[in-house]
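A closer look at the structure
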Amino acid sequence: MISSPLMTVMVDAVRKAARGLRRDFGEVENLQVSRKGPGDFVSAADRKAEEVLRDALMKARPGYSLVQEENGIIEGTDKSHTWHIDPLDGTSNFLHGVPHFAVSVGLEREGQIVAGVIFDPIKDELFVAERGKGAYLNNRRLRVSGRQDMADALVGYGTPYLGRGSHPRLLRELGAVMAVAGGTRRMGSAALDMAYVACGRLDAYWERDLQTYDFAAGVILVREAGGFVTSADGAAEPLAPRSVACGNEELHRELVAILKKVQAA
């Protein structure tokens, strides 16, 4: 495991935020839920977790900026550092009692993601990465899958929310990937999908129409596990395009080529 002051701050913050989520998960039917948009819900547990996460990070690094899911952007005095925080990635899973969601924090320094933590409180799986120090699941060093043939690959993808993003484009891309891939999965948490690429459970993954807090932590996890991460269209840094494609070198290259071909058609 990585032992650094920065990682201690991040791990402590996500564990604090996860306590309430773990407790509330068993009482899903009693949660106060408000509609945030078509097909996109936010719970009282989500808001509380973000408050806990934000307070812990601001106390430890008071000058850093924050990009948050529920409460937007907080501009800090330190213009070179920004937290990208998602207190509950996989909200729909959570609200339906599906035990697949995570707390996610990524740290951006001068335009580059340099550290990330993704914590699955139900499975007690802590994924961490820091630039130059590797990626870990609990105490185990992570490496991306070594599969080289798309026909053997399990490829993850994300579906845009109703009214946000293009379902027809996804269906075209998914059809093209399904024609050559061994299998596909849509599991409902971008953060965990990227963590699963980092540890080899998924061989590759793509999604469009994301927010930076959805996948910032996943970027550094995959890269530190030896993988490649770009936008879905192949741009070197995915934060601005807000889309992602990742995997090992060969499968990432093939996946991006497939997506580009669909886009050009």
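Parameters at a glance
Residues numbered from 1 in each chain as written. Predicted model: local features only at pLDDT ≥ 70, side-chain atom pairs only at ≥ 80, totals over all residues. Heavy atoms only, no water. Helix = DSSP H or I, 4+ residues; strand = E, 2+ residues; numbered from the N terminus. Rg over C-alpha atoms; globule rule 2.2 N^0.38 Å. Buried < 20%, exposed > 50% of the residue type's maximum accessible area, 1.4 Å probe, protein only. Contact = heavy atoms within 4.5 Å. Areas by Shrake-Rupley, 256 points an atom, 1.4 Å probe, with all protein chains shown as cover. Lys, Arg positive; Asp, Glu negative; His and termini not counted. Charge placed at Lys NZ, Arg CZ, Asp CG, Glu CD. Axes fitted to C-alpha atoms, helices over the stretch in contact; angles between N-to-C directions. Parallel < 35°, antiparallel > 145°, perpendicular 65-115°, else oblique. Left-handed = near helix turned anticlockwise from the far one by under 90°. Nonpolar A, V, L, I, M, F, W, Y, C, P; charged D, E, K, R; others polar. UniProt positions renumbered as here; feature names shortened; annotations may be inferred. Polar contact = N/O pair within 3.5 Å; in protein donor to acceptor, adjacent residues only side chain to side chain. Patch = residues over 30% accessible without salt bridge, like charges linked within 9 Å, V, L, I, M, F, W, Y side chains within 5 Å. Salt bridge = Lys/Arg side-chain N within 4 Å of Asp/Glu carboxyl O.

Let's shift gears to the overall build of the protein chain. Scanning the protein chain from terminus to terminus reveals seven helices and 15 strands. For 265 residues, the compact-globule estimate of 2.2 N^0.38 gives 18 Å, and the C-alpha radius of gyration of the protein chain, at 17 Å, lies within 12% of that figure. Taken along its principal axes, the extent of the C-alpha atoms in the protein chain is 50 × 40 × 30 Å. Looking at the protein chain residue by residue over its 265 residues, the buried ones come to 57%. At a minimum sequence separation of 6, the contacts of the protein chain that also span at least 24 residues come to 63%. For the protein chain, the computed accessible surface area is about 11200 Å², with 49% contributed by carbon and sulfur atoms. A distance of 2 Å separates the average location of the 33 positive side-chain charges in the protein chain from that of its 35 negative side-chain charges.

Quick look at the packing of helix H1 (residues 5-25) against helix H2 (residues 44-60) now. Between H1 and H2, the shortest axis-to-axis distance is 9 Å and the interhelical angle comes to 160°. Relative to H2, the element H1 is oriented roughly antiparallel. For the pair H1 and H2, the sense of crossing is right-handed. Seen from H1, the contacting residues are Val9, Ala13, Val14, Lys16, Ala17, Leu21 and Asp24; seen from H2, they are Ala45, Ala49, Val52, Leu53, Ala56, Leu57 and Ala60. Of the residues contributing to the contact of H1 with H2, the split by class is twelve nonpolar, no polar and two charged.

The next thing to look at is the UniProt feature "binding site: Mg(2+)" (unreviewed entry) in the protein chain. Annotation from UniProt places "binding site: Mg(2+)" (unreviewed entry) at Glu69, Asp86, Leu88, Asp89 and Asp214. Over a stretch of 146 residues, the named residues converge on one spot in the fold, their C-alpha atoms separated by at most 9.5 Å. If sequence neighbours within four positions are ignored, Leu88 has contacts with Leu21, Ser43, Asp46, Glu69, Phe94, Phe101 and Ala102. Mapping Asp89 onto the fold places it in strand S5 (residues 78-89). The buried category is assigned to Asp89, whose relative accessible area is 6%.

What follows deals with the side chain of Ser4. Its location among the elements puts Ser4 in the segment before H1. Judged by relative accessible area, Ser4 falls into the buried class, the value being 7%. A polar atom in the side chain of Ser4 sits 3.1 Å from the backbone nitrogen of Met7. Contacts of Ser4, omitting those with residues within four sequence positions, involve Glu130 and Lys133.

Our next topic: a positive patch on the surface. Together, Lys16, Arg19, Arg22 and Lys59 give the surface a local cluster of positive charge. The dominant element in the positive patch, judged by the number of residues it contributes, is H1, at three residues. Along the chain, the position of Lys59 falls in helix H2. Relative accessible area serves as the criterion here: at 75%, Lys59 is assigned to the exposed category.

Attention now moves to the side chain of Glu50. Checked against the element boundaries, Glu50 lands in helix H2. Despite its burial, Glu50 remains without a salt bridge, the nearest opposite charge being carried by Arg54 at 4.2 Å. Setting aside residues no more than four positions away along its own chain, Glu50 makes contact with Gln68, Glu69, Glu70, Asn71, Ile85 and Pro87.

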